[in-house]
Amino acid sequence: MAVKIPIQKAKGSRLDRRSGGTAVSVSKPSSKLVNSQVLAASSSIGSTLSLSDVQDLIYIANVTIGGVQYPVQLDTGSSDLWVFPTAAPLPNATDSSISQNLTYGIGWAYGQIAYAQAEFAGISVSQQAYLNVSVAQNPALSYGASGVLGLGFDSLSTIDAVINKTGASTGRTLLYNLFQDNPSEPNFIAFSLQSSTDGDNIQGTFAVGETDPQYANVTNTNKIPTWPVSSPSRWTVLLDSFIVGTQTNDVSSTVSGVPSNKAVVLLDSGTSYTYAPVDVCTAIYGGVAGAQYDSSMGQWVVPCDAEIDMALQIDNQIYPLNPLDITPTTPGDNSTCVGSFLPQTESVGAGQFDWLIGDNVLRSVYALYDFGDFDSSGNTGNPYVQMLALVDPNQASAEFHAARGGTPLTNITYNVSNSGSGVTTVSLSTDVADTIAKLSQYLPAMLGVMALNALVLTVLTISYAFELYLHKQTSDMPESGPHTYEPVSMALTEDTLFAPPSPAFKGEARYLERPKSIA
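Predicted, not measured: the structure shown is a model, and the values here were computed from it. (Residues numbered from 1 in each chain as written. Predicted model: local features only at pLDDT ≥ 70, side-chain atom pairs only at ≥ 80, totals over all residues. Heavy atoms only, no water.)

Chemist: Tell me about the overall build of the protein, residues and numbers included.
Modeler: Scanning the protein from N- to C-terminus turns up nine helices and 30 strands. For the protein, the residues scored as buried account for 51% of the 519 residues in total. Contacts spanning at least 24 positions in sequence make up 70% of the contacts within the protein whose residues lie at least 6 apart. Accessible surface for the protein amounts to roughly 22,300 Å². Of this, 53% is attributable to carbon and sulfur atoms. (Helix = DSSP H or I, 4+ residues; strand = E, 2+ residues; numbered from the N terminus. Buried < 20%, exposed > 50% of the residue type's maximum accessible area, 1.4 Å probe, protein only. Contact = heavy atoms within 4.5 Å. Areas by Shrake-Rupley, 256 points an atom, 1.4 Å probe, with all protein chains shown as cover.)

Next comes the structure, spelled out in structure tokens:
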């Protein structure tokens, strides 16, 4: 049965572990962990990051294991389920003899692989493998979570790989088991990550096998293939280009076999920042007056009143971003704003992907992740992603200046570019593409009317006196006023270009670095 659960954003000033319901709990790190040094998000870079650099918001939902409910961080960038129980042993669970360490880009978790009945989003799995953690150093724990729920593919699961080596196949991910036990239902998840600059109880939604009614149009958007198209290990897709202001910027890839003028990007709900190549971040922030790169922070510092209008193009679809998410304020200091796109001097994904896209981008879309449906033989089709743009650029500009001061911009539009050709169209969505297709049917007639109007104006100008004389001499013709030229409009209205399915979100930055699993 397809079900959905709410996920909620809430702020707090202390560690506040909650259970029950499906509310997201958010708090600042425990003071005793603030100065702990952990690995940076890109495992290929030998740098460290203290928890004081990790910001104060993640997304958490509840999972029930062995009859006990645990809040866990939702993470599309990893695949394993682990919990750090408040009391040991975990009731109604069976430990195996296998001990395992899960190493993440930031932090780690160590314990025994165990089995227990699990329930998530109202769907039960009779025997679910997970890591029963006995010791861990992971930022999620200091933000009110008891663990991490990976929403990625089985091929990225460390637990599944370890169990497979024993000859068993009982280490499958929680989502795989949910879909396997309900083969007639669609194999997808869909969710929105909502935000607000001033609200503490902003609801997001997470659904298994269905979409939120207000975002139902997501199923009409392009089905974005993963990269690779079949058997991917992560939710990676191809990026066409990115737009800053009126400038469309080409992208490239270090990943083998990727088409030219494309970049491989990982969609990762467990990361608040986006990690991108240096030239990308320079293109975003380098042209802003007063912006400077701070090498000690590893990110750009930007004047808070500088609006940066930006969009990504994926599979010939435009996704505008909220400028509040591009230059968020730092925790506890609303006068200092930083770039949420972090430059990386080495490959972000160690040759597997070029960008790691986090919540500063994903908050601007409603995303559907389809794992591929089962066929009659029990095999699944190729996975894909569908995303619905949620940000109206003009409304987002108004929200930005309401929070930061100044005058909002209007008539912000983004053009879809044909990658590498420099040719653009005015399409921003499927609806606009349909509109343009309809207009093209009448284009010859409309151009003919415009040409006829021009010809009439020329004739009227040359023979005005003669026409006036004939008009006065012809008694059977009614009097008429002077002719007013009204050219046929070829312009699409702003409403036609962008009709958001819901109000754009106000963005308070979320910055907790995503633990990145080792495949």
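Chemist: So what's going on with the sheet that holds strand β21 (residues 310–314)? Which residues, and what values?
Modeler: Spatially, four strands are ordered β16-β15-β21-β22 in an open sheet, and the strand pairing comes out antiparallel. Of all strands in the sheet, those bounded by a partner on one side alone are β16 (247–250) and β22 (317–320). Strand-to-strand twist in this sheet, taken as the mean axis angle between neighbours without regard to direction, amounts to 25°. When β21 meets β22, the two strands line up antiparallel, connected through four bridges. The partner of L312 across the bridge, within β22, is Y319. Docked against the sheet, helix α3 (residues 278–285) engages β15 (241–244), β16 and β21, running at close to 25° with respect to β15. (Pairing = 2+ DSSP bridges. Axes fitted to C-alpha atoms, helices over the stretch in contact; angles between N-to-C directions.)

Chemist: Could you give an account of the nonpolar core, naming the residues involved and the relevant values?
Modeler: Taken as a class, soluble globular proteins show a tendency for nonpolar side chains to be buried jointly. Ranked by internal contacts, the top residues of the largest apolar core, which has 70 residues, are F120, I189, I284 and W355. Apart from residues lying up to four places away in sequence, I284 is in contact with F242, V244, I308, M310, I326 and F341. Judged by nonpolar contacts, the second largest core, of 20 residues, contains I60, A140, L141 and Y143. (Core = buried A, V, L, I, M, F, W, Y, C linked by side-chain atoms within 4.5 Å.)

Chemist: Summarise the pairing of strand β27 (residues 365–370); cite the residues concerned and give the values.
Modeler: By the criterion of burial, β27 is predominantly enclosed, with six of the six residues buried. In β27, alternate side chains face the same way, and those of V365, A367 and Y369 on one face and Y366, L368 and D370 on the other are all buried. Bridge count between strand β11 (residues 188–192) and β27: five bridges; the pairing is antiparallel. Across the sheet, I189 pairs through a bridge with Y369, a residue of β27. In this sheet, strand β28 (residues 384–389) lies alongside β27 in antiparallel orientation, the contact comprising six bridges. Along β28, the bridge assignment pairs Y366 with L388.

Chemist: Lay out the environment of D240 in plain terms, naming residues and giving numbers.
Modeler: Relative to the elements of secondary structure, D240 occurs in the loop between β14 (236–239) and β15. According to the relative accessible area criterion, D240 is buried, its value standing at 3%. Once the C-alpha coordinates of D240 and S260 are considered, the two residues, 20 residues apart in sequence, prove to be 9.7 Å apart. Side-chain polar atoms of D240 contact the side chain of K262, separated by 2.6 Å. (Polar contact = N/O pair within 3.5 Å; in protein donor to acceptor, adjacent residues only side chain to side chain.)

Chemist: How would you explain the packing of aromatic side chains if you had to name every residue and give the values?
Modeler: Inspection of every chain in the model, using the stated rule, returns 12 aromatic pairs. Taking the centre distance of 5.6 Å and the plane angle of 20° together, the rings of F191 and Y369 count as stacked. Taken as a pair, F191 in strand β11 and Y369 in strand β27 lie far apart in primary sequence, 178 residues in all. With respect to class, F191 is no different from Y369; both count as buried. Considering the side-chain rings of W235 and F371, the 5.0 Å spacing of their centres and the 85° angle between planes classify their relative orientation as edge-to-face. With W235 in the loop between β13 (224–225) and β14 and F371 in the loop between β27 and β28, the pair connects residues that are 136 residues apart, well separated along the chain. Under the relative-accessibility criterion, W235 is labelled buried at 0%. A residue is classified by how much of its surface remains accessible, and F371, at 12% relative accessible area, is buried. (Phe/Tyr/Trp six-rings, centres within 6.5 Å; stacked < 30°, edge-to-face > 60°.)

Chemist: A description of the side chain of T236 should follow, citing residues and the corresponding values.
Modeler: Tracing the chain through its elements places T236 in strand β14. A residue is classified by how much of its surface remains accessible, and T236, at 4% relative accessible area, is buried. Polar contacts involving the side chain of T236 include one to the main-chain carbonyl oxygen of W227, which spans 2.5 Å. With near-sequence residues (within four places) excluded, T236 lies in contact with P225, T226, W227, V264, V265, L266 and F353.

Chemist: I'd like a rundown of the state of the cysteines, residues and numbers included.
Modeler: Under the criterion given, the structure shown has one disulfide. Residue C304 pairs covalently with C337 via a disulfide, S to S 2.1 Å. Taking the sign of the S-S torsion, about 110° here, the bridge from C304 to C337 comes out right-handed. Placement of C304 in the loop between β20 (299–302) and β21 and of C337 in strand β24 (residues 333–338) is noted, with a sequence separation of 33 residues between them. Exposure class is identical for C304 and C337. Each is buried. (Disulfide = S-S within 2.5 Å.)

Chemist: Can you tell me about the confidence of the model for the protein, naming the residues and giving the values?
Modeler: Counting all residues, the mean pLDDT for the protein is 75, and 68% of those residues have values of 70 or more. Contacts for the low-pLDDT stretch residues 8–56, under 50 throughout, to residues beyond four places or in other chains number 143 contacts. This model gives residues 468–519 a pLDDT under 50, and the stretch forms 149 contacts once residues within four places in sequence are excluded. (pLDDT = per-residue confidence, 0-100.)

Chemist: Can you break down the pattern of salt bridges residue by residue, with the values?
Modeler: Any two side chains of opposite charge can pair, on the condition that their charged atoms come close. This model, assessed by the stated rule, comprises four salt bridges. Note that R172 and D160 form a salt bridge whose closest N and O atoms lie 3.2 Å from each other. Note that R172 is positioned in the loop between α1 (158–164) and α2 (174–180) and D160 in helix α1, a separation of 12 residues in sequence. Judged by its relative accessible area of 26%, R172 falls in the partly exposed class. D160 sits in the buried class, given a relative accessible area of 3%. (Salt bridge = Lys/Arg side-chain N within 4 Å of Asp/Glu carboxyl O.)

Chemist: Can you tell me about the sheet that holds strand β19 (residues 292–294), naming the residues and giving the values?
Modeler: Strands sit in the order β19-β20-β24-β23 across an open sheet of four strands; the sheet is antiparallel. Of all the strands in the sheet, the pair left with one neighbour each is β19 and β23 (329–330). As defined by bridge partners, β23 adjoins β24 across two bridges and the pair is classed as antiparallel. Of the residues in β24, the one forming a bridge with T330 is D333.

Chemist: Run through unusual backbone geometry, naming residues and quoting values.
Modeler: Between W227 and P228 the backbone carries a cis peptide bond, its omega angle lying at 0°. Relative to the elements of secondary structure, P228 occurs in the loop between β13 and β14. Positive phi, normally seen in glycine, also occurs at N92, with a value near 60°. For N92, a relative accessible area of 64% puts it in the exposed group. Even without being glycine, A121 reaches a positive phi, approximately 55°. For A121, the position within the fold is in the loop between β8 (108–120) and β9 (123–137).

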